[in-house]
Amino acid sequence: MKNKNKIRSFLAIELEKDIVPKIVDVQKEFKKTNTNIKYVSPENMHLTLKFFGNIDENMIENISNSIKKIIKNYSSFDLTIKNCGSFPNKNKIKIIWLGIDKNSPIRNLQKELDNEFEKLGFEKERNYISHLTIGRVKSPKNKTQIKDTITRLNNIHIDTMRVSKLSLKKSTLTPNGPIYEDLKTFKLE
């Protein structure tokens, strides 16, 4: 039996709808490079705070309680999406991302959540970097063009949005890409 009662899940910040087309415009810049990149579809764009992997359904309540405990200390906040980069580095590009302004409370929020999730048995993030994945490089074809585009877009400013909720999501993998569903949402007052 495969993953009976297991749910592939993560905690995310969803993007405001008017920001998504601006991110799609950035993806279009990479599409001009004739490279092998799998792009994140507009409906799946989000900022991941924690990827839980396959969890037992009964863990959802514990995770939810941990989230509620931490977010009561946070009110809604602004988050600026800017800059373009890659993981793991400029020479070995696997992920293309847009960054988050370093002054955002997201880093402290993620750290506090991570500490709570560790108490539930989840491994701590080693070097969490707030980012929005826009594409995954599938082959080194025209790597120089990818690198040049990242450099050209390095100081791009996308937009600022208001973060007023967190979403605990279920991810179902399909041949056409993942399908995300909300399990629970948590309002930041």
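In the block above lies the structure referred to throughout.
First things first, this report covers the structure right here in the doc. On a predicted model such as this, the values are computed, not experimentally measured, just so you know.

### A few points about the overall build of the chain
Reasoning step 1: Summing up its helical and strand segments, the chain has four helices and nine strands in all.
Reasoning step 2: By the compact-globule yardstick of 16 Å for 189 residues, the chain fits well, its C-alpha radius of gyration being 17 Å.
Reasoning step 3: Burial statistics for the chain: of 189 residues in total, 46% are counted as buried.
Reasoning step 4: Within the chain, counting contacts between residues at least 6 apart in sequence, those at least 24 apart form 78% of the total.
Reasoning step 5: Here the chain displays about 10,700 Å² of accessible surface, and carbon together with sulfur accounts for 46% of that area.
Reasoning step 6: Both charge centroids of the chain, one from 36 positive and one from 22 negative side chains, sit 6 Å from each other.

### Let's talk about the side chain of Ser-167
Reasoning step 1: Locating Ser-167 in the fold gives a position in strand S8 (residues 165–172).
Reasoning step 2: Residue Ser-167 is classed as buried on the basis of its relative accessible area of 1%.
Reasoning step 3: In terms of polar contacts, Ser-167 uses its side chain to reach the side chain of Glu-14, at 2.7 Å.
Reasoning step 4: Those residues in contact with Ser-167 that lie beyond four places of it in its chain are Phe-10, Leu-11, Ala-12, Glu-14, Asp-182, Lys-184 and Thr-185.

### Notes on the environment of Lys-92
Reasoning step 1: Topologically, Lys-92 is positioned in the loop between strand S4 (77–88) and strand S5 (93–100).
Reasoning step 2: Using a relative accessible area of 49% as the deciding quantity, one classes Lys-92 as partly exposed.
Reasoning step 3: Put simply, Lys-92 and Lys-143 are 51 residues apart on the chain and 8.8 Å apart in space, counted from C-alpha to C-alpha.

Rules used throughout
- Residues numbered from 1 in each chain as written.
- Predicted model: local features only at pLDDT ≥ 70, side-chain atom pairs only at ≥ 80, totals over all residues.
- Heavy atoms only, no water.
- Helix = DSSP H or I, 4+ residues; strand = E, 2+ residues; numbered from the N terminus.
- Rg over C-alpha atoms; globule rule 2.2 N^0.38 Å.
- Buried < 20%, exposed > 50% of the residue type's maximum accessible area, 1.4 Å probe, protein only.
- Contact = heavy atoms within 4.5 Å.
- Areas by Shrake-Rupley, 256 points an atom, 1.4 Å probe, with all protein chains shown as cover.
- Lys, Arg positive; Asp, Glu negative; His and termini not counted.
- Charge placed at Lys NZ, Arg CZ, Asp CG, Glu CD.
- Polar contact = N/O pair within 3.5 Å; in protein donor to acceptor, adjacent residues only side chain to side chain.

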